[in-house]
Amino acid sequence: MQDIPQTSEAPVASTSKISAKGVQVYYGDNHAIKDVDVEIEDKTVTAFIGPSGCGKSTFLRCINRMNDTIDICRVQGQILIDGEDIYDPAVDPVQLRAKVGMVFQKPNPFPKSIYDNVAYGPRIHGLARNKAELDEIVEKALRRGAIWNEVKDRLQAPGTGLSGGQQQRLCIARAIATEPEVLLMDEPCSALDPIATAQVEELIDELRQNYSVVIVTHSMQQAARVSQRTAFFHLGNLVEFGDTDKIFTTPEDPRTESYITGRIG
Amino acid sequence: MPLSFLGNPLTLALLVLALAIAGYALARGRAMARAGGDARKLHSLPNYYGMTAAMFAAVPALGVLVIWLLTQPMMIQNAILPMLPVAAVGERGTDSLILSDVNRVAEGLNIAVAQGVLDPQSIAALREDPSTLRKTLAGVGVALGSDVEPFVLAAAERARDLDARWDMIRAGVVILIALAGLLLAVRAADPAFRARNVVERGIMALLITAASLAILTTVGIVLSMVFESLNFFSQHPWQDFFLGGSWAPNFRGNSELSILPLLWGTLYISFIALLVAVPIGLFAAIYLSEYAGSKMRAIAKPLLEILAGIPTIVYGLFALLTVGPFLVDVFGAGGALSMEGLRDGDPLMSGATAVITAGLVMGIMLIPFVSSLSDDIINAVPQSLRDGSYGLGATPSETIRNVVLPAALPGIVGAILLAASRAIGETMIVVLGAGAIARFSGNPFEAMTTITTRIVSQLTGDTDFASPETLVAFALGLTLFILTLGLNVIALYIVRTYREQYE
């Protein structure tokens, strides 16, 4: 088995979209991320797996500088997106977050209409010159979020009135509407039932054509289903990073093997 | 009488408490004895048996004592009422005057006998001609308004007799009840007796009593207001009160007593106060909850809340002595903004007491109220909504304007309504800062008056308590109460609906 070259694996684009070097994160005195190096490719789904508290969500939140909103959090090291250091003082974190969209663990639609939820980002960033253009952006985002057919007749209904799965797809559409280049997803299916999970996973697979997607997940099956590359975190260390097929069939590190076979975590 | 000390309710209460303590010791000892000295064989801890006995001894006896103390004066009054001359009793108002005379004479006789100035024989000698009694009683510190009539003395003596007799009966009944309760509980003290559960029920009863007392007091306040208001409306046309246009109390009668000018002043001052308090309080709350670091918050929040601890009379002094004169300097005669040229030499503001003075100071008073309520409500907006907004590249102020405030709006409206109801009911600031002239005017630099100010001035005058000029205070108070109650109900309803939204 081990001798067979893995030709079946999806060809990975050679360009690196996100490149992290020597990233350290501290919460007060707690060293949460220890010297992580990772290269994330464009138009690929990269999964971060690992036991609870291993730092995978923390690392994800470094990529769009969401950790800046937490007072006690310090980030060291270098994270480049398209060769540009996002922790450079010249970089505006607000602009960065428009380029790096994020979807959260729990669906968090704003208490506004479905339309206003999706139009929120474009309105803030002035992406539309007039109402017709805004309508177009909203429709496109909702279509890409695979929810257009369900909500097209009730765009003015409150977003909080949708089901959990619909809310999460609405949040994905909301993130897409600002035309990000990278989409970060922090356990996007953990609050959803299996049917809604399947819909969102299908959507993630489609999103790969346009975006670089990074997903944090607790479900190893989900990581295996949706991702091309997988990173395994343990106790703040990046233990192993490689093609998903390889991580799940022939892991190099014994800790990875223990985790995916259910012995730790 | 050797047992006369029992007539004193305080002694009686102490005696009952002593019985309760004895019951505690007896029941505890008996329970322990019947368990053979082994506390583990008892259903409850030994103390619970003691507490049960103490409870049974003290609570019913003290309850009866309190009720008896309240009813005895009424019973005695009913008993002596037939002794008074028919002519004096017929007229309303007069009988209560005579009764209070009787009570004072009875009280005076008690004191005089206690001090040895009078004795039963000398009192009997006074029966035919009690004219010297006034002087005698004045000597022991009881001043009477007029000479004592023979029938008043007779009634007073009868009242004293009844009082002394019933005091003894009361003592007997209360002690009997205490002993009965004590015996019952001590007899029940047995290892199988569930004393713990009985104490639990007793505690529940205590808590229920406290809660219902609070509610009953409110009901009592409302009822007393309603009766006095009905009394007022029977003497004064309601059309004038609710629909009339002027407030001109006249102590010779025929007053014009309309609430409308007062209501206008109240609402105008409250409006200015909210105009000051809502933006400042809300912005302070936003700063504290969204921008301030934890150190800043730890200092600024208590500082802001100190404002809430300042007594309103101090705010009133601040209005009268600082804010008012300052405003007169600016808007009064010779001031920079007095507009005398435009108003034919008539300055915008003529005195320190004005709507604007009271409004500004009341606004300052309300700032911590608005900010602390809004802060709670803003903090209740889930962090996930903020994260969602930041994740889309919004700045903090965009997030607050577009996400946090719309989500918190119902709660903030509730907070503003609560602040409004405090502004409407506020008294001391307007008494000192707003002036005393009832009028409809749009000029905030003029003195106006409010409902609360008029209640104070109508009740603190020298007028007859039964005249409409005094009774109007109750109608004003009731209207104010209904107004603020309505605002509070709406506000609490809004706040509660909002809180349930993000469970």
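Bear in mind the structure is a predicted one, so any value in this text is a computation, not a measurement.

This brings us to the overall build of chain B. The number of helices and strands found in chain B is 18 helices and 2 strands. On C-alpha atoms alone, chain B measures out to a radius of gyration of 32 Å, which is more than a quarter above the 23 Å that the 2.2 N^0.38 rule sets for 503 residues. Counting only C-alpha atoms, chain B reaches 85 × 75 × 40 Å along its principal axes. Looking at chain B as a whole, 41% of its 503 residues are labelled buried. Residue pairs at least 24 apart in sequence account for 71% of intrachain contacts in chain B once pairs closer than 6 positions are excluded. For chain B, the exposed area adds up to about 25,900 Å²; of that, 67% sits on carbon and sulfur atoms. Each charge sign in chain B was given a centre, from 30 positive and 36 negative side chains, and these centres are 15 Å apart.

Take the sheet that holds strand E6 (residues 100-103) of chain A next. Note on sheets: strands pair through backbone hydrogen bonds, and any given pair is parallel or antiparallel. Residue and element names in this part refer to chain A. Spatial ordering of the open sheet is given by E6-E7-E8-E3-E9-E10, a layout of 6 strands whose pairing is mixed. Two strands close off the open sheet at either side, each with one partner strand: E6 and strand E10 (237-243). Here the strands of the sheet are splayed against their neighbours by 15° on average, with no regard to which way each runs. Both strand E3 (residues 45-49) and strand E9 (residues 229-234) contribute to a ladder of 4 bridges, which runs parallel. Its bridge partner being in E9, Ala 47 is matched across the sheet by Thr 230. Relative to strand E7 (residues 182-186), helix H1 (residues 56-63) is tilted by about 150°, and along the sheet it contacts E3, E6, E7, strand E8 (212-216) and E9.

This part is about the nonpolar core. Core analysis: the largest hydrophobic core is formed by 59 residues, its most contacted members being B:Met362, B:Leu366 and B:Leu476. Not counting the four nearest positions on each side in its chain, B:Leu366 is found in contact with B:Ala273, B:Leu274, B:Ala277, B:Ala419, B:Arg422 and B:Ala423. Judged by nonpolar contacts, the second largest core, of 32 residues, contains A:Cys54, A:Ile79, A:Tyr87 and A:Leu184.

The subject of this paragraph is the domain arrangement of chain B. Here chain B is partitioned into domain 1 (4-193) and domain 2 (263-450). Centre-to-centre separation of domain 1 of chain B and domain 2 of chain B, based on C-alpha positions: 54 Å.

With that settled, consider the pairing of E9(A). The side chains of a regular strand alternate, first on one face of the sheet and then on the other. Residue and element names in this part refer to chain A. Among the 6 residues that make up E9, 6 are buried, leaving the element largely enclosed by the rest of the structure. Burial along E9 is two-sided: the face carrying Arg 229, Ala 231 and Phe 233 and the face carrying Thr 230, Phe 232 and His 234 are both buried. As paired strands, E9 and E10 are joined by 6 bridges and run antiparallel to one another. Bridge pairing in E10 links Ala 231 to Phe 241. Remark: 2 residues form the turn of the hairpin made by E9 and E10, two consecutive strands paired antiparallel; Leu 235 in that turn has positive phi of roughly 50°.

So, on to the confidence of the model for chain A. For chain A, per-residue confidence averages 87 on the pLDDT scale, and 94% of positions sit at 70 or higher. Per-residue pLDDT stays below 50 along residues 1-13 of chain A; that stretch engages in 12 contacts with residues further than four places along the chain or on separate chains.

Residues and elements named next belong to chain B. For the structure shown, the criterion picks out 23 salt bridges over all chains. For the salt bridge of Glu 290 with Arg 386, the shortest nitrogen-to-oxygen distance reads 2.9 Å. Taken together, the residues span a long stretch of sequence, with Glu 290 in helix H10 (residues 260-291) and Arg 386 in helix H14 (residues 383-391) at a distance of 96 residues. Its relative accessible area of 6% is what places Arg 386 among the buried residues. Linked through salt bridges whose partners overlap, the residues forming this network are Arg 297, Lys 301, Glu 305 and Asp 375.

This paragraph deals with the confidence of the model for chain B. Per-residue confidence for chain B averages 86 on the pLDDT scale, and 95% of its residues sit at or above 70. Across chain B, H10(B) holds the top mean pLDDT of 93, while helix H3 (residues 86-90) of chain B sits lowest at 56.

Turning our eyes to something else, we now look at the side chain of A:Ser113. Along the polypeptide, A:Ser113 turns up in the loop between E6 and helix H3 (114-125). Every residue in contact with A:Ser113, bar those within four places of it in the chain, is listed here: A:Leu155, A:Gln156, A:Ala157, A:Pro158 and A:Gly159.

With 22 residues of chain A at the interface, the matching set in chain B holds 18 residues. Summing both partners gives a buried area of about 1,500 Å² for chain A against chain B, and 64% of it is carried by carbon and sulfur. By the criterion of area lost to chain B, the three top residues of chain A are A:Pro111, A:Tyr120 and A:Ile124, representing 29% of everything that side buries. Inspection of the chain A/chain B interface yields 0 salt bridges. A class-by-class count of the residues in the side of chain A that touches chain B yields 12 nonpolar, 5 polar and 5 charged.

Attention shifts here to the state of the cysteines. Residues and elements named next belong to chain A. Under the criterion given, the structure shown has 0 disulfides over all chains. We note that Cys 62 lacks a disulfide partner, and the nearest cysteine sulfur, in Cys 73, lies 6.2 Å from it. Cys 62 sits in the buried class, given a relative accessible area of 0%. With no disulfide partner, Cys 171 has as its closest neighbouring cysteine sulfur the one in Cys 189, 12 Å distant. For Cys 171, a relative accessible area of 4% gives the class buried.

Glancing now at helix H8 (residues 195-235) of chain B. Here H8(B) is 41 residues long and its end C-alpha atoms lie 59 Å apart, about the 60 Å a rise of 1.5 Å per residue gives. When we look at burial in H8(B), the residues that qualify are B:Ala195, B:Val198, B:Val199, B:Met225, B:Ser229 and B:Phe232.

Turning our attention to the packing of H3(A) against helix H4 (residues 131-144) of chain A. Residues and elements named next belong to chain A. At a minimum axis separation of 9 Å, H3 and H4 run at an interaxial angle of 110°. Put simply, H3 runs roughly perpendicular to H4. Packed against H3, whose contacting residues are Ile 114, Tyr 115, Val 118, Ala 119, Pro 122 and Arg 123, the element H4 presents Lys 131, Leu 134, Asp 135, Ile 137, Val 138, Ala 141 and Leu 142 at the interface. Per-class residue counts for the contact of H3 with H4 are 10 nonpolar, no polar and 3 charged.

Rules of the game
Residues numbered from 1 in each chain as written. Chains lettered and ligands numbered in written order. Predicted model: local features only at pLDDT ≥ 70, side-chain atom pairs only at ≥ 80, totals over all residues. Heavy atoms only, no water. Helix = DSSP H or I, 4+ residues; strand = E, 2+ residues; numbered from the N terminus. Rg over C-alpha atoms; globule rule 2.2 N^0.38 Å. Buried < 20%, exposed > 50% of the residue type's maximum accessible area, 1.4 Å probe, protein only. Contact = heavy atoms within 4.5 Å. Areas by Shrake-Rupley, 256 points an atom, 1.4 Å probe, with all protein chains shown as cover. Lys, Arg positive; Asp, Glu negative; His and termini not counted. Charge placed at Lys NZ, Arg CZ, Asp CG, Glu CD. Pairing = 2+ DSSP bridges. Axes fitted to C-alpha atoms, helices over the stretch in contact; angles between N-to-C directions. Core = buried A, V, L, I, M, F, W, Y, C linked by side-chain atoms within 4.5 Å. Domains from an automatic or database assignment. pLDDT = per-residue confidence, 0-100. Salt bridge = Lys/Arg side-chain N within 4 Å of Asp/Glu carboxyl O. Buried area = accessible area lost by both parts, 1.4 Å probe. Nonpolar A, V, L, I, M, F, W, Y, C, P; charged D, E, K, R; others polar. Disulfide = S-S within 2.5 Å. Expected span 1.5 Å × (residues − 1). Parallel < 35°, antiparallel > 145°, perpendicular 65-115°, else oblique.

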